[in-house]
Amino acid sequence: MSQLHESLHSEMQNQSGAAVLDVQGLTKRYSGGVFKRNPIEALRGVDLKAGLGEVFGILGPNGAGKTTLIKVLLGVVKPTSGSAHLFGQSVGSVEARRRVGYLPESLRIDRHHTARSALAYYGRLSGMTSVAIAKRTEELLDLVGLSGRDREPVSRFSKGMYQRLGLAQALMHDPDLLILDEPTDGLDPVGRNGVRRVIETLREQGKTIFLNSHILQEVELVCTRVAILARGKIRGVGTVDELTQHLSSETYRINLESAEQFDRADNLQSIAQQIGIDHDSLLCRKRAEGIFELHASLSERSQLDSLVDCLRESKNSIQHLEKQRPSLEDLFMKLVEDHGDRAE
Ligand code: ATP
């Protein structure tokens, strides 16, 4: 953690002690259909806290309740029960709204606008004076890398530039919390990188960011903490490392030389049988003639010893063995499979 981060965190602790975002026992039930016979429980007892300077990621499959949660935080949807506070103020209150910036999933900026005129428009909507708008516009154009392109119509912008302008509009009134809904959806890697760099700069400045993204790699790169939501319930919260540590199986990558066709299905099946694991826990691809890469998903350390013994006995030569860090995707799939489609 940088010095700036540390001092910001302790400053926050010394203040009222209120978290930037504090959600407790939040439920939201939508009355389903015309006759309200099939109510939908979009959120079922959600507890979340985020502090100053955090980039907090929310992950979940379609229909998990992410948009509903964001709408509650913005004060657009009223929860059925539970509480939600931003900076110690009830969501939806003027005080809370003033400190929040929002980038919706599909922001539309009129084609006739330039970056400069669009920011002036959003500044006026926020009640800013012309002097404040002029000053903030320069800062933000610089932050999002649009200085020099600020007098072109946005219709000429790439998707990445457009999204960075979207970030700037959300920041116009200098909010302390930024809620970003799928900010890099549809962007190429260069566009994503541009948005990610802005997010990182904002984090350095001590802003708190609440990020909804289905791009797991991105969440892994940029978020300080992540919550996984499935069927309206939080299934895990923590840093990516904390969350993935709890995965019960570990994956190993083994590069080996073999005189025979090692990747044959019957060969892999026989090895799996010998060490007592499912045959689909072993995946193998041929890298070159006589060179194979084996991926083994193992739940106990002793299985690795048995696998190595088994490989050696069959005269295979192990060139490299490496434990692979479980990815956020592994965790996501596990939590969603465990809880996703099962009726609770
Ligand atoms: P996605 O990733 O697909 O956008 P999500 O995680 O954002 O999904 P929500 O949009 O919050 O999920 O929806 C959660 C559940 O609530 C879904 O079953 C959805 O159909 C339902 N839902 C959302 N909005 C309404 C509404 N206005 N009326 C009735 N049901 C709704």
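Our structure's up above, just so we're on the same page.
Below is a short write-up of the structure. The shown structure was predicted, so the numbers you read here are calculated from the model rather than taken from an experiment.

Re the environment of Arg253
Link 1 in the chain: Structurally, Arg253 can be placed in strand β11 (residues 250-257).
Link 2 in the chain: Taking the C-alpha atoms as reference points, Arg253 and Cys284, 31 residues apart in sequence, are found 9.6 Å from one another.
Link 3 in the chain: When residues no more than four places from it in sequence are discounted, the contact partners of Arg253 are Glu293, Leu294, His295, His320, Leu321, Glu322 and Gln324.

Thoughts on the side chain of Thr244
Link 1 in the chain: Residue position: Thr244 is located in helix α9 (residues 240-245).
Link 2 in the chain: Given the relative accessible area of 4%, Thr244 is considered buried.
Link 3 in the chain: At a separation of 2.8 Å, a polar atom in the side chain of Thr244 contacts the main-chain carbonyl oxygen of Val240.
Link 4 in the chain: Within the structure, the side chain of Thr244 is placed 3.3 Å from the backbone oxygen of Asp241, a separation counted as a polar contact.
Link 5 in the chain: Filtering out sequence-adjacent residues up to four positions away, Thr244 remains in contact with Pro326, Ser327, Leu328 and Leu331.

Thoughts on the site of the ligand
Link 1 in the chain: Near the ligand, the surroundings consist of Tyr30, Ile40, Ala42, Pro61, Asn62, Gly63, Ala64, Gly65, Lys66, Thr67 and Thr68.
Link 2 in the chain: Ala64 has a polar backbone atom sitting 3.0 Å from an oxygen atom of the ligand.
Link 3 in the chain: Within the side chain of Lys66, a nitrogen or oxygen atom sits 2.8 Å from an oxygen atom of the ligand.
Link 4 in the chain: Contact with the protein chains covers 59% of the free accessible surface of the ligand, which is 640 Å².

Topic: the pattern of salt bridges
Link 1 in the chain: A complete count under the given rule lists 16 salt bridges for this structure.
Link 2 in the chain: In this structure, Asp174 engages Lys207 in a salt bridge whose closest nitrogen and oxygen atoms are separated by 2.6 Å. With Asp174 in the loop between α6 (159-171) and β7 (177-181) and Lys207 in the loop between α7 (189-204) and β8 (208-212), this pair connects stretches of sequence that are 33 residues apart.
Link 3 in the chain: Look at Asp174 and you get partly exposed, because its relative accessible area is 41%.
Link 4 in the chain: We note a salt bridge from Glu293 to Arg287, for which the minimum N-O separation is 3.0 Å.

Conventions we followed
- Residues numbered from 1 in each chain as written.
- Predicted model: local features only at pLDDT ≥ 70, side-chain atom pairs only at ≥ 80, totals over all residues.
- Heavy atoms only, no water.
- Helix = DSSP H or I, 4+ residues; strand = E, 2+ residues; numbered from the N terminus.
- Contact = heavy atoms within 4.5 Å.
- Buried < 20%, exposed > 50% of the residue type's maximum accessible area, 1.4 Å probe, protein only.
- Polar contact = N/O pair within 3.5 Å; in protein donor to acceptor, adjacent residues only side chain to side chain.
- Near = heavy atom within 4 Å.
- Areas by Shrake-Rupley, 256 points an atom, 1.4 Å probe, with all protein chains shown as cover.
- Salt bridge = Lys/Arg side-chain N within 4 Å of Asp/Glu carboxyl O.

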